[in-house]
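Results of the structural survey
Each chain is listed here by its residues.
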Amino acid sequence: MPKVVSVTVDGRILAARAGESVLELLRRSGIWIPTLCFDPRVSAYGGCRLCLVSRRDRAGELVPACETPVVEGMVLETDSPAVHRARRRQLVLLLGEHRLDCPVCPTSGRCTLELLLHRLGIAGDDVRRWEVTATSGVQSPLIVHHPERCVLCTLCIRLCHEVQGVSALGLERVDGGIQVATFASRTLDCEYCGQCVAACPTGALQLRPPLDPVPRRVGTGLPTTCSLCPCGCQLLPAVRDGRVVAVESQLSWLPNRGQLCAKGRFAHDVLVSPERLTSPLVRLEGRLVPTSWERALQAVVEGVRQAQAQGRALVAFGTPRLTCEDAFLLQHFMRGTVGSPHVGVGLAAGARALVEGVRPVLGTARSTADFTDLAAADLVLILRADPSRTHPLVKSIVLAGMRRRSQQVVMAHALSGGLERHVDEFLLVRPLGEEALLYGICRHLLTESATRARQAAGVAGFDQWQAGVLHYTDEVVQGLTGIDPERVVALARRLKRAHRLVVVVPAGMGIPGDEAAVARAAAGLLVLLGCHRKPGGGLLVLGEKANLQGCLDVGLHPRLLPGGGSAEEPGWEPVHAMARAGAGEVGFLYLVGHDPLGGWPRATHRRDGLEGAGFVVVQDAFLTKTTRAANVVLPVSILAEREGTVVGADGVRRPLHAAVAPPPGVAPDGEIFRELARRLGMPLPSKEEVERSLAAVFEGHLRARHRPPLPTFMPPPPPPPPRTWRGTLLDVSPQLLHSGSVTRYSAVLRELAPIVAVRMAPEDVAAFGLTPGGRAHLTTGTGEEMMMVRVDRTVRPSSAVVLWQSNAEGLGAFLAVDGEARLVDVRRSR
Amino acid sequence: MEPVLLRARGVPNSRHIDTYLAAGGYEGLKKALTMDPEAVTKEVLDSELRGRGGAGFPTGRKWTFVPKEHPGPKYLICNADESEPGTFKDREIIEYDPHLLIEGIAIASYAIRANTAYIYIRGEFVRWARILETAIAEARQRDILGASVMGSNYRLDVWVHRGAGAYICGEETSLIESLEGKRGFPRLKPPFPAVVGVFGKPTVVNNVETLACVPSILTRGAAWFASIGRPRNTGPKLYCVSGHVRRPGVYELPMGVTFREIIEEHCGGIRDGHTLKAFFPGGSSAPVMTPDQIDVKADFDACAEAGSMLGSGGVIVLDDSVDMVEAAANLAHFYAHESCGQCTPCREGSDWAMDILDRILEGHGRPEDPATLLRICQYASQGMTICPLGDAFALPISSIVKKFPYEFERHIAAATPRPPKKLPVLPWAGPRPGFDGQ
Ligand SMILES: Cc1cc2nc3c(=O)[nH]c(=O)nc-3n(C[C@H](O)[C@H](O)[C@H](O)COP(=O)(O)O)c2cc1C
Ligand code: SF4
Ligand code: SF4
Ligand code: SF4
Ligand code: FES
């Protein structure tokens, strides 16, 4: 219960919350206090001394507002001559060693130091004007560092350490003082989130030209939602001459509070990529040639008609990046206009976890925990993959929880990442071992705690589930996970003690293990612990693409209808559909933002799947491998060009506001669906009708949160035989800087992290006789490829990290079908 | 006065535990263990022992600030960072009588109910760290430390932690940060370490000499201790005298001798052919005193009355050969180098002061320089900074400017203006080749 403390400020009595700082109170009360070193996302520092206020109750003592907690009966002055004098003094001192080259400083106009100078003034005090010359600072492909403009507020350091968990920056003693630096002055090798630059109150940190400086004051326009992952980060593109030149985010925007990852911040250059498609293409005499929209659409309509006439199936896959509105239209187009049940999100990571994992147990194909629950949890269990690679915001939320000491985090997976050095416990499970680990925990909970078992016994399916779980003995679990039974017991006890447990299941193409099986097991564990749907507790499935949740919500799935009901006549699942296509049963294949030939595991399709399909339409922003098999290619708008809404992994629906117009010749997905439907004689619902349907869908979800369906235990599979792994694990799961599809067209991201490269731990690079920057030959049972070698300290020894999707030939072969994991042979090549 | 703290100086094999035990060592600890921890604290409170680390805070009072009912662990830290210029007394105690310190640590830990004590020792003190390690091992072997201290059911472990060579790590909160494995940045007080200290737990930080006083308070009683010196300024005190005296060194004298006695009697006066010009009574952080103040008593209150402070008891004596501007510049260099850089007034101020003083010495002083120096010092003192290092540089330098204005005037009168340097202007970096597609 927060206690109220009364504090007198400039003669006014204010009600403060016990435990908050004076600065928080003053800012909340609308009183202006200058600061340079304060940011609510990180711990207070007390260095700049601009926030000094005077305590009348202590003989006018000056105290830093940011570090002083409120005390009952405090009497503060924020506007007295003494306070003004003290503030100005700090500026005088700071300017003494400042370069003051404002006219040529790119930050001028957005610089907090400059702003304070104008606002506070330093008249009357002479400023020491020392000969300040340019010094060299942090070296980086992303950042230009001018230490001579630095005010040593350490915001960059604290954000990188506390929010990003990267700790790439620190202070180093240099001749004549201290300076922001990397360890041993190495070239900056980090997550390239740009947070340090965005937070720098001066011109000391800049993005390297030709990147535009990070904007710092809200321009006009509404923030939009990042389209590159389902974290739902809010950002505002800065536009100049009709082009996005930079991206800003504000502290007050949830859920990301001003934070962005490298993708959100820098991938906007794909909008103007020269590789972008700007005109529809049709196949003429075997070649794709540019054509008009009129002709292209007509060709598609004929394709549909022909398939219908032949009595062959019509299949559509929409990328889970489609907005809710467009996804709704696509499923309506297929189910209504075309009259085919075969519509879905295609092979999209997370879809199976939600539909086949969560839904059977918890009743809805939705996560039961959101980011608020995640922040409020006292224990977080993360499985399968490291969110610092797959979902950066989730990483920052748990880092903040751990810093507050209100949260413990346990992580269990077989892959590499950077979060494990921060978490309370990390279990390196064997590849594919997470499911067995979860059932092993369940078995201990059942045998150790009679109360738990009794409480869970009322849940449907309990007996069968329990019988299955009991097969996961210590020996079985150890054989599958490689984890000592004592650690499993200890983990089970830790989970039992937790009041608010959130289990996080990231999904991503290439993460080994069956996502649906893990989600099902995790849901069962949460039901057993009674944590599946309580505030601060639940299951959080993180899909890979921005709007997976929204697409499922609006029925873009062969088995789901808008609102979550089951389709009476289920359509074909993607892998099955591709097999049918190979058998010549599909007459029309509509691939909206999907690239099966480039981006799906090779084993899930054959080229003949596409060749067997009568008529193939690809709707995308770039030429992909799959376009080679296309009869028609339709170019679409992406990222900051789009309007609509998306639903993040946390189940929150957020708007997209277009910041720029798409290039001429490019159309939004929804418009294309509408146009096709109109030409086929069955127009799609109007914008208003769509919004009404969607409103009903999301209201239904809201209601389901309050009156949730009853859970059902789903029996676990019989345990497989023990598995051993010896050799180098091929890790093709997502990488932070590349989601695999759109981001690979970003020149900036490509420069920061090459796509076609194998990343390995330094010790492995040495052990295999490789040279960083040299080439290596990678062989698996299904393919081989030559790649550049990169040293990456976050990669675990005995694994090789390769980006899962790429235009390079041969790489597709590396992708295992969902569920598999592979070993790889790495050799030096000359 | 017979020596208490330097009793072992000159005794053969004085560091060995047997020598210490034979001389009645660890009797104070034995006695303390029969008493209530509160009674031990009371005894120290009654002795009026004040901290010898610099601030002179009553040691018993500090101990009572530790919340008695606090559930988790509590810690005692012995501050052996001894980096204050002109101070070299703590290493003397460790050199000759490490067990005296360990006994003091054990009694203090018992009084605050700490089961773990750390000795944070200056990184360069390799020799004295080894001596302490050996002494701790001996004490552990004799069951004086460990699971059962001298047969009681009190457990105490003592660890030596070597610093990494920063003056600021002698300041108690940055010492604590450093002990936690972080950069030695001071913390804002309150909360004081006695409430939130190392690892977030209640912690008492005491100086080596302070703790070395404790055993004799237990064996001989608070009244005996308080009888040395005068009220509020009691006990034996180590004075480290350096500079232009005939016999510099560490002297154990009753608190409250005058500086005249220290300099003229014990140290044999100023070196031949010279006269006293100034002295720092308590290390380089204390405001400078002048020959007319030589009859001031060398205790906490008298020094404070005289506008300075006893500090660590490091008496730095300067004779008439010294240029006070040079002395000030010397201090400024030290503090500009040792400022941790966390807060603006100290980091920028010390650097600025150093630059001005250097410029004056280079012959380019300006008439406004003394006033600017005073203003910079004002910016960094009076609680404008996170830790007292701001005061530590501002007070002595401003005292020199105030007390020796004519020395500055002499330099400035002979000064020539410095040729102005061109302010460099950064050429616009321009687009960099490499990002394709733009
Ligand atoms: C800049 C600075 C340096 C200090 N260095 C030392 C030191 O080297 N040794 C020491 O014992 N105390 C030092 N202190 C004082 C400590 O902060 C602390 O007051 C002292 O250790 C408390 O012990 P006492 O109560 O026994 O004096 C320093 C204080 C400051 C502000
Ligand atoms: S870009 Fe991000 S990860 Fe890199 S140094 Fe800056 S804050 Fe740290
Ligand atoms: S580089 Fe910028 S953010 Fe970092 S310490 Fe300097 S002024 Fe602050
Ligand atoms: S006063 Fe100086 S030493 Fe102390 S915290 Fe500030 S900068 Fe660091
Ligand atoms: S904001 Fe409080 S000291 Fe910088």
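Residues numbered from 1 in each chain as written. Chains lettered and ligands numbered in written order. Predicted model: local features only at pLDDT ≥ 70, side-chain atom pairs only at ≥ 80, totals over all residues.

Broken down by element type, chain B carries 17 helices and 10 strands. Taking the principal axes of its C-alpha atoms as reference, chain B extends roughly 75 × 75 × 35 Å. Split into buried and exposed, the 438 residues of chain B put 54% on the buried side. Residue pairs in contact within chain B that sit at least 24 positions apart in sequence constitute 72% of those at least 6 positions apart. (Helix = DSSP H or I, 4+ residues; strand = E, 2+ residues; numbered from the N terminus. Buried ≥ 20, exposed ≤ 12 C-beta atoms within 10 Å, placed from the backbone. Contact = placed C-beta atoms within 7 Å.)

Let us now look at the overall build of chain A. Along its length, chain A carries 26 helices and 32 strands. In terms of overall dimensions, chain A is globule-like: its C-alpha atoms have a radius of gyration of 28 Å, near the 28 Å expected for 830 residues. For chain A, the spread of C-alpha atoms along the three principal axes comes to 90 × 70 × 60 Å. Residues classed as buried in chain A amount to 57% of the 830 residues present. Once local pairs closer than 6 in sequence are excluded, the contacts in chain A between residues at least 24 apart make up 74%. (Rg over C-alpha atoms; globule rule 2.2 N^0.38 Å.)

With that out of the way, let us pick up the site of ligand 4. Residues and elements named next belong to chain B. If you check the shell around ligand 4, you find 14 residues, and the closest are Cys340, Cys343, Cys346, Thr385 and Cys387. Taken together, the elements giving at least two residues each to the shell around ligand 4 come down to helix 14 (344-364) and helix 16 (389-403). Of the residues that constitute the shell around ligand 4, the class distribution is eight nonpolar, five polar and one charged. (Near = placed C-beta within 6 Å. Nonpolar A, V, L, I, M, F, W, Y, C, P; charged D, E, K, R; others polar.)

Here the focus is the site of ligand 1. Residues and elements named next belong to chain B. The immediate surroundings of ligand 1 are formed by 25 residues, with Gly51, Gly53, Gly170, Asn207 and Thr210 found nearest. Contributions of two or more residues to the shell around ligand 1 are made by helix 4 (59-64), strand 4 (203-207) and helix 16. Among the elements that take part in the shell around ligand 1, strand 4 stands out by supplying three residues, more than any other. The residue makeup of the shell around ligand 1, split by class, is eight nonpolar, 10 polar and seven charged.

The next point concerns the domain arrangement of chain B. Residues and elements named next belong to chain B. For chain B, the assigned domains are domain 1 (17-227), domain 2 (230-319) and domain 3 (324-413). For domain 1 versus domain 3, the separation of C-alpha centres amounts to 35 Å. Of the residues lining the interface, 11 residues belong to domain 1; the matching set on domain 3 comes to seven residues. For the side of domain 1 that touches domain 3, the per-class residue count stands at seven nonpolar, three polar and one charged. (Domains from an automatic or database assignment.)

This part takes up the packing of helix 15 (residues 369-380) of chain B against helix 16 of chain B. Residue and element names in this part refer to chain B. At their nearest, the axes of helix 15 and helix 16 sit 8 Å apart, and the two run at 155° to each other. Between helix 15 and helix 16, the crossing angle belongs to the class labelled roughly antiparallel. Regarding helix 15 and helix 16, the two cross each other, and that crossing is left-handed. Each of Pro370, Leu373, Leu374, Cys377 and Ala380 in helix 15 lies in contact with helix 16, whose residues at this interface are Gly390, Phe393, Ala394, Ile397, Ser398 and Val401. Grouping the amino acids of the contact of helix 15 with helix 16 by side-chain chemistry returns nine nonpolar, two polar and no charged. (Axes fitted to C-alpha atoms, helices over the stretch in contact; angles between N-to-C directions. Parallel < 35°, antiparallel > 145°, perpendicular 65-115°, else oblique. Left-handed = near helix turned anticlockwise from the far one by under 90°.)

A few words on the nonpolar core. Residues and elements named next belong to chain A. Among the nonpolar cores identified, the biggest contains 401 residues, and Val505 and Ala522 are the most heavily contacted of them. When residues of this core are assigned to their parent elements, the largest contribution, 12 residues, is made by helix 18 (residues 515-529). Here Val505 is in contact with Ala353, Leu383, Arg384, Glu515, Val518, Ala519, Ala522, Leu539, Val541 and Leu542, once residues within four sequence places are set aside. (Core = buried A, V, L, I, M, F, W, Y, C linked by C-beta atoms within 7 Å.)

Bringing the pairing of strand 29 (residues 775-779) of chain A into the picture now. Residue and element names in this part refer to chain A. Here strand 29 shows a buried face lined by Ala776 and Leu778 and an unburied face lined by Arg775, His777 and Thr779. Pairing of strand 29 with strand 30 (residues 784-791) involves five bridges; the strand directions are antiparallel. In the sheet register, Arg775 faces strand 30, and the bridge partner there is Met788. The hairpin formed by strand 29 and strand 30 contains four residues between the paired strands. Direction of pairing for strand 29 relative to strand 32 (residues 822-829): antiparallel, over a ladder of five bridges. Bridged to Ala776 within strand 32 is Arg828. (Pairing = 2+ DSSP bridges.)

Moving on, we come to the sheet that holds strand 24 (residues 632-635) of chain A. Residue and element names in this part refer to chain A. One open sheet holds the seven strands; their spatial order is 14-13-24-23-22-15-16, and the pairing between them is mixed. Both edges of this open sheet fall to strand 14 (287-290) and strand 16 (343-344), since each of them pairs with a single strand only. Relative to strand 24, strand 13 (residues 281-284) runs antiparallel, the two sharing two bridges. The residue bridging Leu281 from the neighbouring strand is Val633, located in strand 24. Running over the sheet, helix 20 (residues 574-582) touches strand 15 (313-318), strand 16 and strand 22 (586-592) and is turned about 140° from strand 22.

Residues and elements named next belong to chain B. Within the span of helix 11 (residues 259-266), buried status applies to Phe259, Ile262 and Ile263. All buried residues of helix 11 project into a common sector of 85° when viewed along the axis, lining one side. Contact partners of the buried residues in helix 11: strand 7 (236-243), strand 8 (249-254), strand 9 (276-280) and strand 10 (314-319). Phi turns positive, to about 75°, at Gly268, one or two residues after helix 11. (Arc of directions from axis to C-beta.)

The next thing to look at is the sheet that holds strand 2 (residues 116-121) of chain B. Residues and elements named next belong to chain B. In spatial order, the strands read 3-2-1-4; together these four strands make up an open sheet with parallel pairing. Two strands in the sheet have a free side with no partner beyond their single neighbour: strand 3 (157-162) and strand 4. Within this sheet the neighbouring strands show an average axis-to-axis angle of 20°, counted without direction. Lying on the sheet, helix 6 (residues 98-112) is in contact with strand 1 (75-80), strand 2, strand 3 and strand 4; it crosses strand 1 at an angle near 150°. This element, helix 7 (residues 126-141), spans strand 2 and strand 3 of the sheet and lies at about 165° to strand 3.

In this fold, B:Ala8 is placed in the segment before helix 1 (17-22). In sequence terms B:Ala8 and B:Lys402 are 394 residues apart; their C-alpha atoms lie 43 Å from each other.

Turning next to the environment of A:Pro34. All names here are of chain A. Following the sequence through the fold, Pro34 ends up in the loop between helix 1 (22-28) and strand 3 (52-55). Expressed as a C-alpha distance, the spacing of Pro34 and Arg49, which sit 15 residues apart in the sequence, is 9.3 Å. Excluding residues that lie within four positions of it along the chain, Pro34 makes contacts with Leu50, Cys51, Arg87, Leu116 and Leu120.

Interpretation of the predicted coordinates at a detailed level should be avoided for regions scoring low in pLDDT. With 94% of its residues at a pLDDT of at least 70, chain A reaches an overall mean of 90. Across chain A, the secondary-structure element scoring lowest on mean pLDDT is helix 22 (residues 607-612) of chain A, at 79, and the one scoring highest is strand 17 (residues 379-383) of chain A, at 98. (pLDDT = per-residue confidence, 0-100.)

Looking now at the packing of helix 13 (residues 434-448) of chain A against helix 18 of chain A. Residues and elements named next belong to chain A. Close contact between helix 13 and helix 18 brings their axes to 9 Å; oriented N to C, the two are set at 20°. On the basis of their axis angle, the class for helix 13 and helix 18 is roughly parallel. Considering only the axes of helix 13 and helix 18, their crossing is left-handed. Contact residues: helix 13 offers Glu434, Glu435, Leu438, Tyr439, Ile441, Cys442 and Leu445, while helix 18 offers Ala517, Val518, Ala521, Ala522, Gly524, Leu525 and Leu528. Here the contact of helix 13 with helix 18 is built from residues that sort into 11 nonpolar, one polar and two charged.

What follows concerns the pairing of strand 3 of chain A. Regular strands place their side chains on alternate faces of the sheet. Residues and elements named next belong to chain A. For strand 3 and strand 4 (residues 61-64), the ladder comprises four bridges, and the chain directions are antiparallel. Within strand 4, the position partnered with Leu52 by the bridge is Pro64. Connecting strand 3 to the next strand, strand 4, in antiparallel fashion are five residues, including Ala59 with a positive phi near 60°. Of the strand pairs in this sheet, strand 3 and strand 5 (residues 75-77) are connected by two bridges, and their pairing is antiparallel. Bridge assignment links Arg55 to a residue of strand 5, and that residue is Leu76.

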